[in-house]
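# Structural features, examined
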Amino acid sequence: PELLSREVSAALLPVVDAALADEQAARASLEAAIGVALVRLGEQSAVTGLPLSAYACTLVGAMARGDRAWLFHVGDGVAVAVAADGGQTVSPPENGEYANETFFATSPQWREHLRLTPCPTAPVQLVLMSDGSMPFAMDRGNAGLFAGFMQPVVRHLAAADEQAGSAALRATLDDPRTHAITNDDKTLLIALRA
C-alpha cells in the first residue's frame, strides 16, 4: 500500500548517499528502511484491527544520485533504468510457481526476495510499474520498455510540467483501452533526469 512506499522512501532519504556506495550498503539500508516501514504498517494494522496480510503488497523502487543508481524489488512489477545511450537495466518480476502468484514485501520472507540491481551508468529515466502496466509498457519477455507506448509518453512528459504530465499519464492509464488489456492495478512512475 501507499503507506509502505511512503515509509520506505522516508527512511531511505537520509541515507541514500551511503546506500549507493555498494551492494552491501544498499542492502543494509533497504532492509532497515523496509523494517521501519513494516513497523509503521504493523501499527496501522493494530489500529484498524486488520491482519498485516491485509496490507500485502509488492515493492518496486530505485535509489539514484549523481552517477550511481540501484533498482530494488520484492515481487512482481518491473523497474527499468534507461541510460543516455538508450541502454536499459531491467529488474524483472519475480513470480511464484503458479499463475498470479508473487512475493510480498509484507510477508515474513521478504528479505529472501529483496533483489538489488546496480545500474552500470547514470540513468536519464527511471520507470517503475506494477504488473498491470506491464502488458503495454514492456516489450514481450520484459527485456525492455515497449517503445511504441513509452516514447510518446516520455516525449509528452518531458514537454509538460509535473502536474499536467501526471494528469495526462493518469488519463492514459484510466483509458478504457487499457482496461481491455488488463483490469489489474496500473501504477506507472516515470522519473526524467533534468
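Structure shown above.
What comes next concerns the included structure. Only a predicted model underlies this, so the values are computations on that prediction, with no experimental measurement involved.

### Describing the nonpolar core
- Ranked by size, the top nonpolar core spans 25 residues in total, and within it Leu 4, Met 63 and Phe 72 carry the most contacts.
- Of all the elements in the fold, those that place two or more residues in this core are helix H1 (2–12), helix H2 (16–19), helix H3 (23–48), strand E1 (59–65) and strand E2 (68–74).
- Broken down by element, the residue count for this core peaks at 7 residues, all from H3.
- Of all hydrophobic cores here, the second largest spans 20 residues; its members include Val 80, Phe 136, Met 138 and Val 154.

### Description of the sheet that holds strand E7 (residues 188–192)
- If you trace the 4 strands from one edge of the open sheet to the other, you get E4-E3-E6-E7, paired in antiparallel fashion. At either margin of the open sheet sits one strand with a lone partner, and together these are strand E4 (88–91) and E7. Across this sheet, the average inter-strand angle for adjacent strands is 10°, counted without regard to direction.
- Pairing between strand E3 (residues 78–83) and E4: 4 bridges, direction antiparallel. Opposite Val 82, over in E4, you have Gln 88 as the bridge partner.
- Relative to E7, helix H6 (residues 147–159) is tilted by about 55°, and along the sheet it contacts strand E6 (123–129) and E7.

### Regarding unusual backbone geometry
- A positive phi angle, near 55°, is found at Asn 142, a position not held by glycine.
- A relative accessible area of 22% means that Asn 142 is categorised as partly exposed.

### Considering H6
- Along its 13 residues, H6 runs 18 Å from first to last C-alpha, staying within 8% of the 18 Å computed at 1.5 Å per residue.
- Restricting attention to buried positions, one finds in H6 the residues Phe 149, Met 150, Val 153, Val 154 and Leu 157. All buried residues of H6 fall inside an arc of 110° around its axis, so they share one side. Turned more than 90 degrees away from the buried face of H6 sit Gly 148, Arg 155, Ala 158 and Ala 159, all of them exposed.
- Structurally, H6 contributes buried residues whose contacts are with E6, helix H5 (134–137), helix H7 (162–173) and E7.

### Regarding the pairing of E1
- For E1 and E2, the ladder comprises 7 bridges, and the chain directions are antiparallel. When the sheet's bridge partners are listed, Met 63 is paired in E2 with Trp 70.
- Where E1 folds back on E2, the antiparallel hairpin that results is connected by 2 residues, among which Gly 66 adopts a positive phi of roughly 60°.

### Details of the pairing of E3
- Summarising burial for E3: 6 of the 6 residues are buried, a large majority.
- Burial of the side chains of E3 extends over both faces: Val 78, Val 80 and Val 82 are buried on one face and Ala 79, Ala 81 and Ala 83 on the other.
- Summarising the sheet, E3 and E6 pair through 6 bridges and their orientation is antiparallel. Following the sheet pairing, Ala 79 is matched in E6 by Leu 128.
- Where E3 hands over to E4, the hairpin turn is made up of 4 residues, of which Gly 86 adopts a positive phi near 95°.

### A short note on the pattern of salt bridges
- Counted by the stated rule, this structure contains 7 salt bridges.
- With its nearest N and O atoms 3.2 Å apart, the salt bridge here joins Glu 7 to Arg 40. Of this pair, Glu 7 sits in helix H1 while Arg 40 sits in helix H3, placing them 33 residues apart in sequence.
- For Glu 7, a relative accessible area of 17% translates into the label buried.
- As a salt-bridge pair, Arg 27 and Glu 31 come within 3.9 Å of each other at their nearest N and O atoms. You can see Arg 27 and its partner Glu 31 sitting in helix H3, 4 residues apart, about one turn around the helix.
- Note on Arg 27: relative accessible area 25%, which makes it partly exposed.

Calculation notes
For every chain, the first residue of the written sequence is number 1, and numbering continues from 1 along that sequence. Local features are withheld for residues below a pLDDT of 70 in this predicted model, meaning they are given only at 70 or higher, and side-chain atom pairs are given and counted only at 80 or more; totals for whole chains, interfaces and linings count all residues. Think of the side-chain values as coming from all heavy atoms in the structure, minus any hydrogens and water. The definition of a nonpolar core used throughout is a set of buried Ala, Val, Leu, Ile, Met, Phe, Trp, Tyr and Cys residues joined through side-chain atoms within 4.5 Å. Only protein chains enter the calculation, and the probe is 1.4 Å; a residue is then buried if its accessible area is under 20% of its type maximum, exposed if over 50%, and partly exposed in between. Strands here mean DSSP runs of E at least two residues long; helices mean DSSP runs of H or I at least four residues long; both are numbered from the N terminus. A strand pair is defined by DSSP finding two or more bridges across the two strands. A fitted line through C-alpha atoms serves as each axis, taken over the contacting stretch for helices, and the angle formed by two N-to-C directions is quoted from 0 to 180°. Contacts are assigned to residue pairs with any non-hydrogen atoms lying within 4.5 Å of each other. One fewer than the residue count of a helix, multiplied by 1.5 Å, yields its expected span. Relevant arc is that of directions from the helix axis to the C-beta atoms, nothing else. Any Lys or Arg side-chain nitrogen found within 4 Å of a carboxyl oxygen on Asp or Glu counts as a salt bridge.

All we've got here are geometric facts, nothing functional implied.
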